[in-house]
Amino acid sequence: MKADPRGVLTGIHFLDGDHACCEGALAAGARFAAGYPITPSTEIVERFASRVPKVGGTFIQMEDELAASITLQGAVWGGAKAFTVTSGPGFSLMMEHIGYAAMTETPCVFVDVQRGGPSTGLPTLPAQADMMQARWGSHGDYEIIALCPNSPQECFDLTIKAFNLAEEFRVPVMFMMDEVVGHMTEKVVIPPADQIDVVPRKHTRKSVEDYLPYGTNGDQVPEMAHAGEGYNFHVTGLTHDEHGYPNMTPPVQDKLVRRLQNKIRDAADRIALFEEEQLAGADVVVVSYGITSRVAQRAIEVARDQGLRVGKLRLITAWPFPEKKIRELANKVKAFVVPELNLGQMVREVERSAAGKARTFAVSHAGGGVHKPEDILKVIVEASKCQSI
Amino acid sequence: MPEHLIDIVNPVEPFLRTDRMPHIWCPGCGIGTTVNSFARALVDSKIDLGSLALVSGIGCTGRVAGYVKLDSFHTTHGRAIPFATGLKLANPKLNVVVYSGDGDLSAIGGNHLIHAARRNIDLKVICVNNLIYAMTGGQTAPTTPDHSTTSTNPYGTFEPSFNLPHLVEAAGAVYVARWTTFHVRQLSRSIGEAFKKKGFSFIEVISPCPTLYQRRNKLGDGLDTMKYYKEKSKVRNGAPTNEVGLTMTGEIIVGKFVDRDRPDYQTMMRGQFEQSLGEKYIEQDQPETVCS
């Protein structure tokens with residue numbers, strides 16, 4: 001299905017990442033947002049509030065993030081594509097409802113423009129320290145998808161992707177921006193609507209009698225119905241059977257929670273997006289994402305000028321983590337270098353996936369700015385000198 | 001059983017998920033009684049059931065969503081109202097009922113309660129007030145009357161309790177009523193009236209929890225509580241809500257306290273956009289009905 005042209009601002013623009021994210025949401029068909037103001041994400045919903053009455057949709061500013069993160073889910077079950085936008089402290093408040101969306105299989109998008117933490121931290125300055133929270137923040141076993149844009153153009157393109165993945169898998173998708181990507185202004189090309197692919201809701205075509213709200217047809221993703229269509233379905237955050245009815249027995253729990261996990265894990269290769277460069281023959285591979293990938297690019301180029309064989313792997317999908325890709329590379333390279341604006345989060349995944357076949361070097365940064373390329377370079381040089389395992 | 005009695009169907013049965021019976025509520029609990037009154041209000045008001053959605057939070061009353069044969073949502077603790085807000089705004093054709101307990105709506109969900117009333121979101125809120133956190137074993141709620149014994153105030157409560165009709169009237173509700181589970185017909189009528197209002201309607205139903213509130217406070221069983229409701233309830237329609245606070249064994253003022261009109265959220269939103277944007281305003285797409 002192609003995008004609804006009413007929401008697509010086709011043309012060449014000079015936009016910051018926050019505004020580009022909003023345009024991506026509109027192009028993807030989002031017609032509902034619920035938000036609560038928080039720096040550095042607010043510009044996304046400010047623009048949405050300005051644009052959406054002219055394209056046929058609704059924005060509501062809620063009383064807090066707890067409300068925003070569940071209001072959007074009400075809107076999804078009412079038939080809308082919906083999202084919310086926040087930063088660290090608000091993201092923390094939304095965690096319960098990320099679990100609710102995972103459990104009830106409510107397709108929706110949570111945008112987190114990351115800033116320095118913990119707590120109020122650095123409201124106006126960048127970090128990438130919510131990456132583990134995005135994956136594990138709500139209680140219980142569940143899977144989500146998380147994407148990491150590194151430019152305003154990607155804030156547009158990948159927001160559409162985020163909505164499409166949410167609909168395809170009926171899962172909450174975390175859109176993990178950072179303050180720098182959110183506030184940097186660059187060229188953003190918005191294509192014509194007929195060149196934008198949009199995944200529609202996986203709506204059931206079954207009759208009321210035949211419809212099983214949480215039954216699956218082999219692909220692990222149930223078909224959805226909306227309120228007011230006569231299906232009289234039940235949705236609950238309790239452990240539920242295929243009817244959607246509460247059934248709190250270990251076998252039903254096992255079946256449900258494994259399906260929620262496997263519908264994402266089994267498709268991990270397809271969901272995993274990354275950008276790679278000169279991986280063949282590399283001694284060292286720099287693994288990075290978001291704004292840090294752009295700083296790392298400079299370090300990689302200088303290292304290559306010095307004769308080092310350095311490959312680049314930029315994670316676009318952070319979760320599910322592309323462990324297969326890292327595992328394959330670990331057999332070929334000496335070391336991974338992982339710069340990120342935190343004290344060591346995704347580097348743990350790299351290390352785990354490398355499984356002792358290659359060394360892993362973190363280049364940590366507590367946030368508040370970006371790395372200096374020379375700090376990353378220093379570690380690349382060090383890593384190049386290490387012995388293969 | 002005589003043959004001619006077997007085919008008799010309880011008039012509320014079509015509204016219930018009978019495949020989920022028996023329910024979880026205790027003997028003497030009033031929640032089932034309120035559901036009966038609710039179902040009868042649906043019969044009497046001839047409301048289109050296809051357009052009706054019911055949203056609950058967490059707790060004993062939160063389980064209502066699982067027993068009604070409607071599009072029903074059992075959400076998170078305290079968040080039934082914001083979920084219902086999203087549902088209503090995304091599809092304004094829906095009639096959205098929030099059915100939850102006093103702890104869920106006025107403690108953990110208290111912020112959403114007052115803001116939804118302030119915005120005048122077109123929701124019908126039925127708050128079953130059993131004066132206690134029942135599902136978790138009888139802890140103090142914001143509604144627990146002074147000096148009651150609870151599991152978390154074993155020597156008696158001393159915090160003042162919320163007067164919910166007063167709270168929601170002050171916050172902006174257009175319809176506020178209170179009944180007890182003794183007043184099944186009046187409750188049913190009030191629910192029917194709320195369906196006719198456009199805006200935030202709030203109906204409080206005082207309901208026994210014999211297992212955890214009445215027993216622990218030596219107030220007898222479910223039947224004793226019904227007798228108390230019968231003897232001590234006083235109908236005062238239009239009573240000033242600041243005079244309707246509850247005590248443990250005193251008078252219960254019941255009736256319709258507030259019935260007023262002001263534009264609901266979506267009417268105000270539409271008006272504002274039409275004024276500011278004129279022809280540029282595009283009203284929200286109405287979801288199509290897909291059901292075959």
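Residues numbered from 1 in each chain as written. Chains lettered and ligands numbered in written order. Predicted model: local features only at pLDDT ≥ 70, side-chain atom pairs only at ≥ 80, totals over all residues.

Student: How would you summarise the interface of chain B and chain A if you had to cite specific residues and measurements?
Tutor: Taken together, the contacts link 42 residues of chain B with 46 residues of chain A. Elements supplying a minimum of two residues to the side of chain B that touches chain A: β2 (71–74), α3 (80–90), α5 (110–119) and α10 (265–277) of chain B. With eight residues, α3(B) is the largest single contributor of residues to the side of chain B that touches chain A. Residues belonging to the side of chain B that touches chain A are distributed by class as follows: 18 nonpolar, 16 polar and eight charged. As defined by bridge partners, strand β10 (residues 234–236) of chain A adjoins β2(B) across three bridges and the pair is classed as parallel. From the neighbouring strand, A:Thr236 faces β2(B), where its bridge partner is B:His74. (Contact = placed C-beta atoms within 7 Å. Helix = DSSP H or I, 4+ residues; strand = E, 2+ residues; numbered from the N terminus. Nonpolar A, V, L, I, M, F, W, Y, C, P; charged D, E, K, R; others polar. Pairing = 2+ DSSP bridges.)

Student: Run through helix α7 (residues 184–196) of chain B, naming residues and quoting values.
Tutor: Helical geometry note: an α-helix holds 3.6 residues per turn, so side chains three or four residues apart project in the same direction. All names here are of chain B. The end-to-end C-alpha distance of α7 is 19 Å, a good match for the 18 Å that 13 residues give at a rise of 1.5 Å each. Taken together, the buried positions of α7 are Leu 187, Ser 188, Ser 190, Ile 191, Ala 194 and Phe 195. For α7, the buried positions fall inside an angular range of 160° around the axis, keeping them on one side. Within α7, the exposed residues directed more than 90 degrees away from the buried face are Arg 185 and Lys 196. (Expected span 1.5 Å × (residues − 1). Buried ≥ 20, exposed ≤ 12 C-beta atoms within 10 Å, placed from the backbone. Arc of directions from axis to C-beta.)

Student: Give me the packing of helix α3 (residues 65–77) of chain A against helix α4 (residues 88–104) of chain A: which residues, what numbers.
Tutor: Residues and elements named next belong to chain A. Between α3 and α4, the least distance of the axes is 8 Å, while the angle of their chain directions is 30°. Judged by the angle between their axes, α3 and α4 are roughly parallel. In the crossing of α3 with α4, the sense of the turn from one axis to the other is right-handed. Taken together, the residues of α4 that come into contact with α3 (itself represented by Glu 65, Leu 66, Ser 69, Ile 70 and Gln 73) are Gly 90, Leu 93, Met 94, His 97, Tyr 100 and Ala 101. Its residues placed into classes, the contact of α3 with α4 shows six nonpolar, four polar and one charged. (Axes fitted to C-alpha atoms, helices over the stretch in contact; angles between N-to-C directions. Parallel < 35°, antiparallel > 145°, perpendicular 65-115°, else oblique. Left-handed = near helix turned anticlockwise from the far one by under 90°.)

Student: Just give me the short version of the pairing of strand β3 (residues 58–61) of chain A, but keep the residues and values in it.
Tutor: All names here are of chain A. Looking at chain direction, strand β2 (residues 32–35) and β3 are connected through four bridges and run parallel. Across the sheet, residue Phe 32 finds its bridge partner in β3, namely Thr 58. Where the polypeptide runs from β2 across helix α2 (residues 42–51) and back to β3, its parallel neighbour, the crossover connection is right-handed. (Right-handed = clockwise from strand over helix to strand, strands pointing away.)

Student: Can you explain the environment of A:Asp241? Please cite residues and give values.
Tutor: Residue and element names in this part refer to chain A. Tracing the backbone through its elements, the reader meets Asp 241 in the loop between β10 and α8 (250–265). Separated by 26 residues in the primary sequence, Asp 241 and Gly 215 have C-alpha atoms spaced 8.3 Å apart. Once residues within four sequence positions are removed from consideration, Asp 241 is found in contact with Asn 247 and Val 252.

Student: Please give an account of the nonpolar core that cites residues and values.
Tutor: Membership of the largest hydrophobic core comes to 207 residues, with the highest contact counts inside it found for A:Ala33, A:Ile145, A:Val173, A:Val337, A:Ile380, B:Val55 and B:Leu87. Here the element with the most residues in this core is helix α6 (residues 152–169) of chain A; it accounts for nine residues. What B:Val55 contacts, discounting residues up to four positions off in sequence, is B:Ala65, B:Phe73, B:Thr75, B:Ala80, B:Phe83, B:Ala84, B:Leu87, B:Val96 and B:Val98. (Core = buried A, V, L, I, M, F, W, Y, C linked by C-beta atoms within 7 Å.)

By themselves these figures say nothing about function.
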